[in-house]
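Structural description and commentary
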Amino acid sequence: MAAAYKRIVVKIGSNVLTQPNGLPDQSRIAHLVDQIVTLKKQGKAVVVISSGAVASGRSMISISEKHDAVAARQLLASIGQIKLINTYLSLFEKHQMLCSQVLVTKEDFRDRKHYLNIKSCLSILLKHQVIPVVNENDVVSVTELMFTDNDELAGLVASMLDADALIILSNVDGIYNGDPKSPSSSVIREIKRDSDGISSFISTAKSGSGRGGMVTKLGMAQKVAKLGIPVYIANGTRDHVLTDLIDGNVVNTYFVPEKNTSGKKKWIAHSEGSATGVVKLNEGAAQALISGQARSLLPIGILDVSSEFKKGDIIRLVDENEVLIGLGIAEYGSDKAKERIGQKGHKPLVHYNYFYAVG
Ligand SMILES: Nc1ncnc2c1ncn2[C@@H]1O[C@H](COP(=O)(O)OP(=O)(O)O)[C@@H](O)[C@H]1O
Ligand SMILES: N[C@@H](CCC(=O)OP(=O)(O)O)C(=O)O
């Protein structure tokens, strides 16, 4: 099955690219590039989401403790990203292949127009057989404007490109059912929508230079699988991991995909940050929307419209207890929605084609 994938997003964590002493691991990067080249030669399009700018920078300059953490990260990423991308460039050039640098911030995905701009940028690169090497632009992304980590960015890119698979390479074989270092723990081989209790196995411990840890990997992987894309977490420090994974020969955690969803739903799923309005639903409407059936939100199910929005905006739909149940595109603005609260006979505020249930 995996051998049939045509478009693959590969996320490489900082720890995969860094030696225990913090210096970039040139031979590992070279080995990963070799494997990506093999996949390219099999006719697959590959997009790389590569962390490692800060870790690379750390190997090049020492900075005193007195600088604040944000400024230090900017300095390290600014120096390190150029080093990192140069490493990729020279390695791909040895195989007569072109890679490119795509640096993004959360802001670049803030609305549909910006989202489509990035999508068309990646599409033209792929059309020209270029391997995009994407990273967050850490020099300008600070604090609340940042992605949680590159796992979030990778999930967004895989969804945006409707990838056939997302492969997350970290420094562990997958998600363990306990402490990964304990001999009594083993890798959970398959995670489905109804797999319970996985998060209880995950500690907030991170590897040396990682940012989000396994918690964000799990959340993101479940979301992407729910949108219809298979996700794999595997060990990027193992030899031949990418090619073996595609051939089905390596230990990993596999997230079973659900039914594939439309491009617009995938965009909505990743747009919570750009939602404007909040609409509160009664129990019946909330249940109907999360039932998994094709149900639209009619005004009769609305209890309250608590902030302004325009037609076409992404809005948050919450239940009676203010718990977020989903995101949707508003078919009309908040003024009309307020006038129609609790009334029959009006068109839906959110059509089911443009609703994404968060649970
Ligand atoms: N149950 C678990 N299974 C696997 N890894 C876990 C688990 N709980 C916590 N972790 C930690 O998550 C780390 C990987 O996340 P992270 O440090 O963000 O890596 P990356 O740099 O690849 O993004 C592992 O090195 C491990 O220490
Ligand atoms: N953008 C940062 C990486 C942030 C990040 O998410 O790191 P990781 O958890 O190792 O994937 C960098 O290039 O250093």
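This one's a predicted model, so the numbers in the text were calculated from it and none came from an experiment. (Residues numbered from 1 in each chain as written. Chains lettered and ligands numbered in written order. Predicted model: local features only at pLDDT ≥ 70, side-chain atom pairs only at ≥ 80, totals over all residues. Heavy atoms only, no water.)

A separate point is the packing of aromatic side chains. This model, assessed by the stated rule, comprises five aromatic pairs. With 6.4 Å between their ring centres and 15° between their planes, Tyr 88 and Phe 92 make a pair best called stacked. With a gap of four residues between them, Tyr 88 and Phe 92 both fall in helix H4 (residues 69–94), about one helical turn apart. The exposure class assigned to Tyr 88 is buried, which follows from its relative accessible area of 1%. Its relative accessible area of 0% is what places Phe 92 among the buried residues. A network of ring pairs unites the aromatic residues Tyr 5, Tyr 232 and Tyr 254 as a single cluster. The ring of Tyr 354 carries Lys 264 above its face, with NZ or CZ at 5.2 Å from the centroid. (Phe/Tyr/Trp six-rings, centres within 6.5 Å; stacked < 30°, edge-to-face > 60°. Helix = DSSP H or I, 4+ residues; strand = E, 2+ residues; numbered from the N terminus. Buried < 20%, exposed > 50% of the residue type's maximum accessible area, 1.4 Å probe, protein only. Lys NZ or Arg CZ within 6 Å of the ring centre and 35° of its normal.)

The next subject is the nonpolar core. Counting 52 residues, the largest nonpolar core has Phe 109, Leu 122, Leu 166, Ile 175 and Phe 255 as its most contacted members. If you count residues domain by domain, this core takes at least three from each of domain 1 (2–265) and domain 2 (275–357). Residues within four places of Leu 166 in sequence aside, it is in contact with Val 9, Ala 154, Gly 155, Ala 158, Met 220, Val 224, Ile 229, Pro 230, Val 231 and Tyr 232. If you look at the next biggest cluster of nonpolar residues, it comprises 34 residues, including Val 10, Leu 84, Ile 85 and Leu 91. (Core = buried A, V, L, I, M, F, W, Y, C linked by side-chain atoms within 4.5 Å. Domains from an automatic or database assignment. Contact = heavy atoms within 4.5 Å.)

With that settled, consider the confidence of the model for the protein chain. Looking at the protein chain, the pLDDT average stands at 93 and 97% of residues meet or exceed 70. Taken together, the chains of this predicted complex give a pTM of 0.93 and an interface ipTM of 0.96. (pLDDT = per-residue confidence, 0-100.)

Now for the environment of Gly 328. Checked against the element boundaries, Gly 328 lands in strand E12 (residues 324–329). Accessibility expressed as a relative area gives 0% for Gly 328, which makes it buried. Gly 328 sits 31 residues away from Leu 297 along the chain, and the two C-alpha atoms are 9.4 Å apart.

The subject of this paragraph is the domain arrangement of the protein chain. Looking at the assigned domains, one finds that the protein chain contains domain 1 (2–265) and domain 2 (275–357). Using C-alpha coordinates to define each centre, domain 1 is positioned 34 Å away from domain 2. At the junction of the two partners, domain 1 supplies five residues and domain 2 supplies seven residues. For the domain 1 and domain 2 pair, buried surface summed over both sides reaches about 500 Å², with 57% attributable to carbon and sulfur atoms. (Buried area = accessible area lost by both parts, 1.4 Å probe.)

The strand order across the open sheet built from eight strands is E3-E4-E2-E1-E5-E7-E8-E6, with neighbouring strands paired in mixed fashion. The open sheet has two edge strands with one neighbour each: strand E3 (99–104) and strand E6 (190–191). In this structure, strand E1 (residues 7–12) lies alongside strand E2 (residues 45–50), joined through six bridges in parallel fashion. Directly across from Ile 8, in E2, lies its bridge partner Val 46. (Pairing = 2+ DSSP bridges.)

For Gln 96, which is not glycine, the phi torsion reads 55° and is therefore positive. Residue placement: Gln 96 occurs in the loop between H4 and E3. In this model, His 240 sits at a positive phi of 60°, which is unusual for a non-glycine residue. Within the secondary structure, His 240 is located in the loop between strand E7 (231–235) and helix H8 (241–246).

Interhelical geometry of helix H6 (residues 150–160) versus helix H7 (residues 213–226) gives an angle of 15° and a closest axis separation of 9 Å. With respect to their mutual orientation, H6 and H7 come out roughly parallel. For the crossing formed where H6 meets H7, the hand is right-handed. Where H6 abuts H7, its residues Asp 151, Glu 152, Gly 155 and Ser 159 lie against Gly 213, Thr 216, Lys 217, Met 220 and Val 224. (Axes fitted to C-alpha atoms, helices over the stretch in contact; angles between N-to-C directions. Parallel < 35°, antiparallel > 145°, perpendicular 65-115°, else oblique. Left-handed = near helix turned anticlockwise from the far one by under 90°.)

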